[in-house]
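Summary of the model geometry
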Amino acid sequence: KGTISNAGDVLLLEAMVEAMVNRTCGRCLKAFTGKSTAEVLEKFYPASAENIENDAFIYESDIVDLTEPIRESLLLAEPLQALCRIDCQGLCPVCGADRNKGDCGCDTTTVDPRLAALKQFIKN
Ligand SMILES: [Zn+2]
Ligand SMILES: [Zn+2]
């Protein structure tokens, strides 16, 4: 939803985009679909204009292609780590089982051997 207005030498696009996005959970690697909302604020220059900013969008005759600005804003709005749900338990670091499906019974308190020396150091 949004508007495109004529600001003299450029067209101004102001919109809110809502989309269903295919994501992969950063903890359990499950594929899921999440809702994304993003704000789009872009200028479109006529293709014939001079001194167009490097990353600016252009339009020709009466066609304004919104695909790229919308795609970019959705990409920027993506979280660094998407989670299938807030309390996702992730995969077991020992056996790789999906811990959302139940406790696999592994002992996950084992410290990474590379960190053991550090742990010892902190203790001293
Ligand atoms: Zn997950
Ligand atoms: Zn396990």
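Reading the values: the criteria
- Residues numbered from 1 in each chain as written.
- Chains lettered and ligands numbered in written order.
- Predicted model: local features only at pLDDT ≥ 70, side-chain atom pairs only at ≥ 80, totals over all residues.
- Heavy atoms only, no water.
- Donors = N, O, S within 2.8 Å, 3.2 Å for Na, K, Ca; no water.
- Tetrahedral: all angles 85-135°; square planar, octahedral: opposite > 155°, others 65-115°.
- Buried < 20%, exposed > 50% of the residue type's maximum accessible area, 1.4 Å probe, protein only.
- Helix = DSSP H or I, 4+ residues; strand = E, 2+ residues; numbered from the N terminus.
- Pairing = 2+ DSSP bridges.
- Arc of directions from axis to C-beta.
- Contact = heavy atoms within 4.5 Å.
- Phe/Tyr/Trp six-rings, centres within 6.5 Å; stacked < 30°, edge-to-face > 60°.
- Salt bridge = Lys/Arg side-chain N within 4 Å of Asp/Glu carboxyl O.

Right, let's get into the coordination of the zinc ion (ligand 2). Protein ligation of the zinc ion (ligand 2) involves Cys92 (SG), Cys95 (SG), Cys104 (SG) and Cys106 (SG), the donor distances falling in the range 2.2 to 2.3 Å. Taken together, the four donor atoms coordinating the zinc ion (ligand 2) and their angles of 105 to 112 degrees define a geometry best described as tetrahedral. Here the donor residues for the zinc ion (ligand 2) map to a single chain with the spacing C-x2-C-x8-C-x1-C. By relative accessible area, which is 44% here, Cys95 ends up partly exposed.

It is worth spelling out the pairing of strand β2 (residues 11–24) at this point. Along β2, the buried face is formed by Leu11, Leu13, Ala15, Val17, Ala19, Val21 and Arg23; none of Leu12, Glu14, Met16, Glu18, Met20, Asn22 and Thr24, which line the opposite face, is buried. With antiparallel pairing between neighbouring strands as the criterion, strand β1 (residues 2–6) and β2 make up a hairpin whose turn holds four residues, including Gly8 at a positive phi of roughly 90 degrees. Bridge count between β2 and strand β3 (residues 31–46): 14 bridges; the pairing is antiparallel. What sits directly across from Val17, in β3, is Ala38. Counting the residues that bridge the hairpin from β2 to β3 gives six residues, and of these Leu29 lies at a positive phi of roughly 70 degrees.

Further remarks concern helix α1 (residues 67–77). Of all the positions in α1, only Pro69, Ser73 and Leu74 are classed as buried. Along the long axis of α1, the arc covered by the buried residues comes to 130 degrees, so they all point the same way. Facing away from the buried side of α1 by more than 90 degrees, the exposed set consists of Thr67 and Leu75. Contacts from the buried residues of α1 go to β2, β3 and β4 (57–59).

In this section: the packing of aromatic side chains. Two aromatic rings, taken as a pair, are described by how far apart their centres are and by the angle between their planes. Taken as a whole and judged by the stated rule, the model has one aromatic pair. Geometrically, the ring pair formed by Phe44 and Phe57 is tilted, given 5.7 Å between the ring centres and 35 degrees between the ring planes. Residue Phe44 is found in strand β3, and its partner Phe57 is found in strand β4; the two are separated by 13 residues along the sequence. By the burial criterion, Phe44 is buried, and Phe57 matches it.

With that settled, the discussion passes to the coordination of the zinc ion (ligand 1). Surrounding the zinc ion (ligand 1) are the protein donor atoms Cys25 (SG), Cys28 (SG), Cys84 (SG) and Cys88 (SG), at 2.2 to 2.3 Å. For the zinc ion (ligand 1), the four donor atoms in the first shell make angles of 107 to 112 degrees at the metal, so the coordination geometry reads as tetrahedral. Given the relative accessible area of 4%, Cys88 is considered buried.

Before going further, it helps to examine the pattern of salt bridges. Per the stated rule, a full pass over the model turns up four salt bridges. Between Glu68 and Arg71 there is a salt bridge whose closest N-O contact spans 3.1 Å. Placement of the pair is Glu68 and Arg71 together in helix α1, with a separation of three residues, close to one helical turn. For Glu68, a relative accessible area of 31% gives the class partly exposed. Arg71 gets classed as partly exposed once you look at its relative accessible area, which sits at 45%. With its nearest N and O atoms 2.8 Å apart, the salt bridge here joins Arg85 to Asp87.

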